[in-house]
Structures are given as structure tokens and as C-alpha cells.
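Structural characterization, general
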Amino acid sequence: MTRHLIGCLLLLVLVTGCSSRSPRSEGNTYQTVGRDLRRNTDAARVHNARGVDAIAKQDYALAESELKKALAEDIMFGPAHNNLGKVYFHQNKLYLAAWEFEYAAKLMPHVVEPKNNIGLVFETAGKWDDAVTRYSEALTLEPDNPEVLANTARVRIRRGDNDPALRDMLSRLALIDTRPEWKEWARHKLILLSPATTQPASLPQ
């Protein structure tokens, strides 16, 4: 299970949140609310792209710097919030990560990634019910998204669930997921969770 969870966490999508009082870090100009409401979206995209590249290289300090520059250019640029949340998630700053993902979800209500990422934060924190809620919200947007489907099934199993809806979820995952390790995982869990079939005592005469 640990191997699969780690693999899933690494799939956090690079696409994010803040409220009216965001925590700030020294050495940057990113603030949630300011008097200057200028929006230079083109510049934000450039810095966001640099941040995504830095995340891919696991240079989280550079990624954080670039993503905060993106948000200083356009505080409403959702992808930069989501990616900043990913940086915090990798640094195990779960509160900050959730805060950024939440705002990304508000800015991009029809995008599945922020909701899925919030679910990952709650799951990592051991809050199964909250994780299921957020994953379910993501599934309403993309019912057959294999990453979200796998996340939902995994946390429900961790919570101790065993019902027809979960087994149907595992069946769909085994059918549509293109990742061999997840197809194998789904089939294995489906066998374990399926009700035992009653075998006849002897063959009919």
C-alpha cells in the first residue's frame, strides 16, 4: 500500500489558494490581498512555467520563488496557486498546501486537479472522511479519471469501507487505468473485498 500511495502522491498535477489572510514568507512580494490589483497574466505564465520546471527538478526553493513571482504579477492566476501548493506539499507543509489548493479550487471550479490535491493533503494527514469528500468532488467533474478513482478507492479501503460502490469503483479502475501497477492493485483489492462465493459441498449427481 505504501508504494502505491507514494506513487500517487508524486502524480500531483502541476496546475492554485489563498484566503484574505495568507501566511507570507520572507524575501518575496506575494501577498493575498494588496492595494495594487494589477494583473499581468502573461508574466505570471512565464514564472509559473519556470516554477513547474523547478518542481520537476525537485528544486523547491526555486519553484517557490518563481511561483510567488507569478502570483505577485497576477494574484488570480490559479495554476500558480496549485503549483505553490504542490511545493508546500512536498515540503510537508500541509496547512499551507491545503490553503493554496483551496484557493485554486475556488479560482478554477471546473478543474479536477486542485480538488484531488486537497484530498491528498487530507489523506496524508489521516483525515479519511475529509479526503473522501474532496476526492468525491473531483470525481463529479471527471468520473473516469483514473488517478482520482484510484485515490478515492485507496482512501475508502484505508477507512475500512467495503460496499458495492467501492467494488464497482475498483472494477472500473482495473478496466480503464493504463498504469499496470494500479490495474494489478485494483484487481487484487477487488478479490479481497468481494463477498465469498458459497461452494457446493459436492458435485450434483
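Now for a look at the structure at hand. (Residues numbered from 1 in each chain as written. Predicted model: local features only at pLDDT ≥ 70, side-chain atom pairs only at ≥ 80, totals over all residues. Heavy atoms only, no water.)

As a further point, take the pattern of salt bridges. Taken as a whole and judged by the stated rule, the model has 14 salt bridges. We note a salt bridge from R134 to E102, for which the minimum N-O separation is 2.8 Å. Highlighted residues: R134 in helix α7 (residues 128–141) and E102 in helix α5 (residues 94–107), separated in sequence by 32 residues. Put simply, E123 and R158 hold a salt bridge, and the shortest N to O gap is 3.1 Å. Of this pair, E123 sits in helix α6 (residues 112–124) while R158 sits in helix α8 (residues 146–159), and the two are 35 residues apart along the sequence. Owing to a relative accessible area of 2%, E123 belongs among the buried residues under this scheme. On the accessibility criterion, R158 (33% relative accessible area) is partly exposed. Among the ionic contacts, a cluster of salt bridges with common partners joins D129, R156, R159, D161 and D163. (Salt bridge = Lys/Arg side-chain N within 4 Å of Asp/Glu carboxyl O. Helix = DSSP H or I, 4+ residues; strand = E, 2+ residues; numbered from the N terminus. Buried < 20%, exposed > 50% of the residue type's maximum accessible area, 1.4 Å probe, protein only.)

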